[in-house]
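Results of the structural survey
Residues per chain are reported as follows:
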Number of protein chains: 2
Amino acid sequence: MSMKWTSVLLLIHLSCYFSSGSCGKVLVWPTEYSHWLNMKTILDELVQRGHEVTVLASSASILVDPNKTSAIKFEVYPTSLTKDDFESIFVTLINRWLYDLPKYTFLSYFSQAQEIFWEFTDYIRNLCKDVVLNKTLMTKLQESRFDIVLADALCPCGRPTSLLETMGKAEMWLIRTYWDFTFPHPFLPNFDFVGGLHCKPAKPLLKEMEDFVQSSGENGVVVFSLGSMVSSLTEERTNVIASALAQVPQKVIWRFDGKKPHTLGPNTRLYKWIPQNDLLGHPKTKAFITHGGTNDIYEAIYHGVPMVGIPLFADQLDNIAHMKAKGAAVKVDWITMSSTDLSGALKTVIDNPIYKENVMKLSRIHHNQPVKPLDRAVFWIEFVMRHKGARHLRVAAHDLTWFQYHSLDVIGFLLACVVTVIFIITKCCLFCFRKYAKPGKKGKRD
Amino acid sequence: MSMKWTSVLLLIHLSCYFSSGSCGKVLVWPTEYSHWLNMKTILDELVQRGHEVTVLASSASILVDPNKTSAIKFEVYPTSLTKDDFESIFVTLINRWLYDLPKYTFLSYFSQAQEIFWEFTDYIRNLCKDVVLNKTLMTKLQESRFDIVLADALCPCGRPTSLLETMGKAEMWLIRTYWDFTFPHPFLPNFDFVGGLHCKPAKPLLKEMEDFVQSSGENGVVVFSLGSMVSSLTEERTNVIASALAQVPQKVIWRFDGKKPHTLGPNTRLYKWIPQNDLLGHPKTKAFITHGGTNDIYEAIYHGVPMVGIPLFADQLDNIAHMKAKGAAVKVDWITMSSTDLSGALKTVIDNPIYKENVMKLSRIHHNQPVKPLDRAVFWIEFVMRHKGARHLRVAAHDLTWFQYHSLDVIGFLLACVVTVIFIITKCCLFCFRKYAKPGKKGKRD
């Protein structure tokens, strides 16, 4: 069974105490950026339902905003890094992935990608040490008697581990996809597919943006974002994109934080931040240019907007490949694309109605589920708290070694039996042969 | 992946026409007895929601009651058998299973069981021929433009088929179990586990029965039924059971249609029919003696009643083994049990509180699902009608041959490549060796 490495949240039941009724104590080991978006949606809902939610966040974490009050409690632990250090680590890693990796040959690409991944896990391990070796914090956490740990499996905390080992330990897995996005495959009973749990109906836009959208007339608008993790693009790539956008009859809303490209057309407006969900849900929106983050793709599926994918790193290539295979997106290559490639791709998804039809099919699948993804996620978290786990959903295979799993011990034992029987029969035959055949020979000699 | 052969209902999308809104046309290919109980629960709900339901039933079918009016439409087709023939076929088959099979040795048991199964499928095939060769009926069905076929996979209708082939054809599988009953295992996205969909809260008993139940005082009552398919027991077995029941302090309500056993105790009352669900939901009920039909076990789980299992045939042995493994039942052997065995088993499940605790655990799992089983069953039927199938849940493996499924074609091709390369390299080496090594030897000779 294959599983996307960035697509999982997991639940682990912790304590033996659970206050009756609906109120539980939730401890969260989060991941930053887009994963935090999903996690926060769940946590907000848990808080709404009266649960006490505590997020373990380092002092360098960007998910803690000291200017905002929140019903979610942040347990901030000290770490040697600052917020700026943290952001610079990520920007460096991502820039290496974006600009350096594509220069390598096929074989060294994977060793280099692996190296980037090790640096990332090193950073996570250090954060983890800051928690585990902090005795005051650990005592406080232990005394808090939490009912559940909600952890993002992208950043496991405990010594080096394998996906298999982690899988066996979690009570329940909440997967960040659904069958609108991923291809059908077998799965285990303690998996629930809650992709798109953060999606919601669009709210009205602010007047300035609404006026710009309405000015597009019949042609409509294109929404363009490369996500929250990419802040800088080379000037050359920026100008290629800007001149491509200038060639389409639509108005374009581009989330962009950098120097204004000189090829920018009058139809394109730059914004440091955009209300992406509200824009994708706007009836004037014709297409979405995206890097292919899981959350972004889900917003497009939810609102039924065809996509042009410019995958950059991590699972984005895989995500866009899924959307392409389902006929809801056209992919362009980040490094090699020309202005014509991008504008051509945009025209294709807007002018060929099959892309809209296909993404609308996915949208109907997404909206037609027995229970909404967020409600299912919250249901299983409450289930694990209420029932002190979900052991009835856990396959016994987790407790088997690989040779037991493949029944090699049974096969080995049966083979040994067969070999023993054959050995004994052969020995008996030989014995009989010697005993009765030799006198015969002697007789002949006589 | 193993799957119980009696545990499935399947949905096949049929026509290209589907009237908008919630009203669809449903054609049903049913199975009699306990399977019909699940099917009818679903059909009643579909009719309630405004769908038009047509059940294909033979003139010998016992599921059609001409004295009852029903919102379900029965399309009765003529068959050469009468209702009495039908019942006698089943009674004979089951009696052979009950009384003849246990006399066989280990190896001939399976060939005899297979023979019984072939006779059953022969009977089903004949019914199927009566439908397919009936041109008037077939034309009428085709003209009705149904949106969906709801079929019980126990009785497939088309030439001989395999479970794998049938699995590939159905849009959706509704499995008659859930994780309270079965052990966790991997499954496919177009499986939904709707076991216990027929269960509902208990209604009050009729006065006569309620008075008898109340007369049990602190000891409570035991409910005893061997299901709808077993109508006759040998006198010897009946007396063993009756004298066992006479030994327990509880009052016993026994569903029994036969000659009153002479060992019957004053604590036991015989009824030709009992309101089983209402009795199991009664607070005085302490235990349930059951043959282990899936539906019966689900009623016990739903109401949290520990069981004594007397499995008779088909999947009942497997079902009781599940309940025994989950600590909710004690099993006694139908053929060899003595009065003491049965009364001992009954005392164990009543007096040892662990059985009640375990079945209550299962009950809590059953009642704690994001959506009730019946609602999920109806949801997926409506989904298949509304979306003209559920292709997004269908694994591509169904379209692969066995050697493609195991990637043998890919492995074969790669092996061929490797062999070719090795062959060429070897030939080159040999060629070089001959060309350059021979002159060297000559030189030495010189």
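What counts as what
- Residues numbered from 1 in each chain as written.
- Chains lettered and ligands numbered in written order.
- Predicted model: local features only at pLDDT ≥ 70, side-chain atom pairs only at ≥ 80, totals over all residues.
- Heavy atoms only, no water.
- Helix = DSSP H or I, 4+ residues; strand = E, 2+ residues; numbered from the N terminus.
- Buried < 20%, exposed > 50% of the residue type's maximum accessible area, 1.4 Å probe, protein only.
- Contact = heavy atoms within 4.5 Å.
- Areas by Shrake-Rupley, 256 points an atom, 1.4 Å probe, with all protein chains shown as cover.
- Lys, Arg positive; Asp, Glu negative; His and termini not counted.
- Charge placed at Lys NZ, Arg CZ, Asp CG, Glu CD.
- Pairing = 2+ DSSP bridges.
- Right-handed = clockwise from strand over helix to strand, strands pointing away.
- Salt bridge = Lys/Arg side-chain N within 4 Å of Asp/Glu carboxyl O.
- Least-squares fit on C-alpha atoms with pLDDT ≥ 70 in both.
- Buried area = accessible area lost by both parts, 1.4 Å probe.
- Axes fitted to C-alpha atoms, helices over the stretch in contact; angles between N-to-C directions.
- Parallel < 35°, antiparallel > 145°, perpendicular 65-115°, else oblique.
- Left-handed = near helix turned anticlockwise from the far one by under 90°.
- Nonpolar A, V, L, I, M, F, W, Y, C, P; charged D, E, K, R; others polar.
- Domains from an automatic or database assignment.
- UniProt positions renumbered as here; feature names shortened; annotations may be inferred.
- Phe/Tyr/Trp six-rings, centres within 6.5 Å; stacked < 30°, edge-to-face > 60°.
- Lys NZ or Arg CZ within 6 Å of the ring centre and 35° of its normal.
- Patch = residues over 30% accessible without salt bridge, like charges linked within 9 Å, V, L, I, M, F, W, Y side chains within 5 Å.

Observations concerning the overall build of chain A
Secondary structure summary: chain A contains 15 helices and 13 strands in total. Viewed in the frame of its principal axes, chain A has a C-alpha envelope of about 120 × 60 × 45 Å. Residues counted as buried form 51% of the 446 residues belonging to chain A. In chain A, the proportion of contacts linking residues at least 24 apart, taken out of those at least 6 apart, comes to 68%. With an accessible surface of roughly 22,200 Å², chain A has 60% of that area assigned to carbon and sulfur atoms. Where the 50 positive side-chain charges of chain A centre and where its 42 negative ones centre are 10 Å apart.

Some remarks on the pairing of strand β3 (residues 52-58) of chain B
Residues and elements named next belong to chain B. Of all 7 residues that make up β3, 6 are buried, and the element is covered over most of its length. Bridge analysis of strand β2 (residues 25-29) against β3 gives 4 bridges, and the strand direction is parallel. Residue pairing for β3: V26 is matched across the bridge by V53. You can see the chain leave β2, run along helix α1 (residues 33-48) and come back into β3, and the turn it takes is right-handed. Pairing geometry for β3 and strand β4 (residues 73-77), over 5 bridges, is parallel. Bridging from a neighbouring strand, T54 pairs with K73 of β4.

A few points about the pattern of salt bridges
All names here are of chain A. One pass over the structure, following the stated rule, counts 36 salt bridges over all chains. A salt bridge links K207 to D211, with the shortest nitrogen-to-oxygen separation between them at 2.6 Å. With K207 and D211 both in helix α6 (residues 207-214) and 4 residues apart, this pair spans about one turn of that helix. Accessibility expressed as a relative area gives 62% for K207, which makes it exposed.

Description of the relation of the copies chain B and chain A
Overlay of chain B on chain A (RMSD 0.2 Å): rotation 180 degrees, translation along the axis 0.0 Å. Read as a symmetry element, the transformation amounts to a two-fold axis.

As for the interface of chain B and chain A
Taken together, the contact between chain B and chain A spans 23 residues of the former and 23 residues of the latter. Taking both partners together, chain B and chain A bury about 2,100 Å²; carbon and sulfur atoms supply 74% of that area. When the area that chain B buries against chain A is broken down by residue, the three leading residues are P184, N368 and H392 of chain B, summing to 26%. For the side of chain B that touches chain A, the elements supplying multiple residues, two or more each, are α12 (353-367) and α13 (373-386) of chain B. With 4 residues, the top contributor of residues to the side of chain B that touches chain A is α13 of chain B.

Focus: the environment of A314 of chain B
By the element assignment, A314 of chain B lies in the loop between β12 (307-309) and α10 (316-325). Note: C-alpha distance between A314 of chain B and F403 of chain B (89 residues apart in sequence) is 33 Å.

Some remarks on the packing of helix α7 (residues 235-246) of chain B against helix α11 (residues 339-351) of chain B
Residues and elements named next belong to chain B. Here α7 crosses α11 at 45 degrees, and the two axes come no closer than 8 Å. When the axis of α7 is compared with that of α11, the two are oblique. Our pair here, α7 against α11, has a crossing hand that is right-handed. Facing α7, whose interface residues are V240, I241, S243, A244 and L245, α11 presents S339, L342, S343 and L346. Here the residues of the contact of α7 with α11 sort into 6 nonpolar, 3 polar and no charged.

Here we look at the domain arrangement of chain A
Residues and elements named next belong to chain A. When cut into domains, chain A gives domain 1 (8-197 + 372-398), domain 2 (207-367) and domain 3 (405-439). Placing the centre of domain 1 and that of domain 2 at their C-alpha centroids yields a distance of 29 Å. In this complex, domain 1 contributes 23 residues to the contact, which on the side of domain 2 involves 25 residues. Regarding the contact of domain 1 and domain 2, the summed buried area is about 2,200 Å², with carbon and sulfur atoms giving 64% of it. A per-residue breakdown of the area domain 1 buries against domain 2 is headed by L98, D180 and F181, which together make up 34% of the total.

Topic: the UniProt feature "transmembrane region" (unreviewed entry) in chain A
Sequence positions flagged by UniProt for "transmembrane region" (unreviewed entry) are, in local numbering, residues 410-433 of chain A. Along residues 410-433 of chain A the backbone is 100% helical and 0% strand, and the end-to-end C-alpha distance reaches 34 Å.

Things to note about the sheet that holds strand β11 (residues 285-290) of chain A
Residue and element names in this part refer to chain A. Sheet architecture is open: 6 strands sit in the order β10-β9-β8-β11-β12-β13, paired in parallel fashion. Each of the sheet's edge strands pairs with one partner strand only, and the pair in question is β10 (268-271) and β13 (329-331). Neighbour to neighbour, the strand axes of the sheet diverge by 20 degrees on average, direction disregarded. Relative to β13, strand β12 (residues 307-309) runs parallel, the two sharing 3 bridges. Bridging from a neighbouring strand, G309 pairs with K331 of β13. Those strands touched by helix α11 (residues 339-351) are β8 (221-225), β11, β12 and β13, and its axis lies near 140 degrees from that of β11.

Here's the deal with the packing of helix α1 (residues 33-48) of chain A against helix α13 (residues 373-386) of chain A
Pairs of packed helices are described in terms of their axes, by the angle between the two and the distance that separates them. Residue and element names in this part refer to chain A. Taken N-terminus to C-terminus, the directions of α1 and α13 make an angle of 65 degrees; their axes are 10 Å apart at the nearest point. For the element pair α1 and α13, the recorded crossing hand is right-handed. Between α1 and α13, the residues in contact are T41, I42, E45 and L46 and L374, A377, V378 and I381, respectively. Split by residue class, the contact of α1 with α13 holds 6 nonpolar, 1 polar and 1 charged.

What about the packing of aromatic side chains?
Enumeration over the complete set of coordinates arrives at 47 aromatic pairs over all chains. For the ring pair F90 of chain B and Y123 of chain B, a centre distance of 6.1 Å and an interplane angle of 85 degrees mean the geometry is edge-to-face. Remark: Y123 of chain B occurs in helix α3 (residues 106-132) and F90 of chain B occurs in helix α2 (residues 83-100); sequence separation between them is 33 residues. Residue F90 of chain B is classed as buried on the basis of its relative accessible area, which comes to 10%. We classify Y123 of chain B as buried; its relative accessible area is 9%. Taking NZ or CZ as reference, K25 of chain A lies 5.8 Å from the ring centre of F146 of chain A, over its face. A cation sits over an aromatic face here: K326 of chain A above F183 of chain A, 4.6 Å from the ring centre.

Details of the sheet that holds β12 of chain B
Residues and elements named next belong to chain B. Taken together, 6 strands build an open sheet; the order of strands is β10-β9-β8-β11-β12-β13 and the sheet is parallel. In this open sheet, the two strands that pair with only one neighbour each are β10 (268-271) and β13 (329-331). Here the strands of the sheet are splayed against their neighbours by 20 degrees on average, with no regard to which way each runs. When strand β8 (residues 221-225) meets strand β11 (residues 285-290), the two strands line up parallel, connected through 5 bridges. Residue pairing for β11: S225 is matched across the bridge by T290.

As for unusual backbone geometry
Residues and elements named next belong to chain A. Unusually for a residue other than glycine, K388 sits at a positive phi of about 55 degrees. Along the chain, the position of K388 falls in the loop between α13 and α14 (402-405). Phi at S407 is positive, roughly 60 degrees, even though this residue is not glycine. Within the secondary structure, S407 is located in the loop between α14 and α15 (408-445).

Examining a nonpolar patch on the surface
All names here are of chain A. A cluster of nonpolar side chains, contributed by W402, F403, L408, I411 and L415, occupies part of the molecular surface with about 540 Å² of accessible area. Secondary-structure elements contributing two or more residues to the nonpolar patch are α14 and α15. Examining the composition of the nonpolar patch, we find that 3 residues originate from one element, α15, more than from any other.

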